[in-house]
Amino acid sequence: MFIFYSSRASTDLANFFILNLSILFFILSILISNYRLGQLEDIAKYHTIWNLRETDYLSYILTDNIELHVLEIPKIKKLGIDIKKDELALWLSFINNPRDKEVLKMVKKGSALDQAMEELKKLSGDPGFNEIVQARAKEIMDDVSFRSAAKRQGIREGFEEGKEQGIKEGKE
């Protein structure tokens, strides 16, 4: 699972204020990952915040109005984060597995988490919603399969071209 959310406010505001470039607005992007991101492995935080920087001048941040929040679910357990004391970690644990025993213990009647749980139950029982979810899952699997087949085909073709080129060069 890999969830990416980017604020539409940026495009909505940009369209509205297209003629006035002096108006600044905030762009927030959120990346939620349930697998380890290798390049962030050494950072002992599950929630990191990134800004735009110039590659040769890393101390310079282009603007404070653009942020990318990276939330790594596997680090919650790895770092021993107590979801009873960290609400964001609790929500990420819910997103990862709403039936987790530790998460279920934390659901208080009438809380936002309880409302989310109830909505999830309703949606899970809705055949139309399940059909949409299944269609999207099939679309993702088909895309992965297509890309994998195309890559294998490209490798085969590249190997054949290389072989033919080698034979041709060997005859010269």
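All figures in this text were calculated on a predicted structure; none of them were measured in a lab.

Caption draft 1: Structural context of the overall build of the chain. Within the chain, the secondary structure is distributed over 6 helices and 6 strands. Helices and strands in the chain line up, N terminus first, as β-α-β-β-β-β-β-α-α-α-α-α. Relative to its 172 residues, the chain shows a buried fraction of 19%. For the chain, the share of sequence-separated contacts (at least 6 apart) that also reach a separation of at least 24 residues comes to 52%. Within the structure as shown, the chain displays about 13300 Å² of accessible surface, and the carbon and sulfur contribution to it stands at 58%.

Caption draft 2: Region of the structure containing the pairing of strand β6 (residues 66-72). Inspection of the sheet shows strand β2 (residues 27-33) paired to β6 by 7 bridges, in the parallel sense. In the strand pairing of β6, Leu31 is matched with Val70. The pairing of strand β3 (residues 47-50) with β6 spans 4 bridges and is classified as antiparallel. Opposite Thr48, over in β6, you have Val70 as the bridge partner.

Calculation rules
- Residue numbers here run from 1 along each chain, matching the order of that chain's written sequence.
- The predicted nature of this model means local features are confined to residues of pLDDT at least 70 and side-chain atom pairs, given and counted, to a pLDDT of 80 or more, with totals for whole chains, interfaces and linings taken over all residues.
- With hydrogens and water stripped out, all remaining heavy atoms of the structure feed into the side-chain values.
- Strands are runs of DSSP state E lasting at least two residues, helices are runs of H or I lasting at least four, and both sets are numbered from the N terminus onward.
- Burial classes follow relative accessibility: with a 1.4 Å probe on protein chains only, a residue under 20% of its type's maximum area counts as buried, one over 50% as exposed, and anything between as partly exposed.
- Contact criterion: two residues are considered in contact whenever any of their non-hydrogen atoms come within 4.5 Å of each other.
- Here the Shrake-Rupley method, with its probe set to 1.4 Å, supplies the accessible areas, and only the displayed protein chains count as covering residues.
- By definition, two strands form a pair when at least two bridges between them are found by DSSP.

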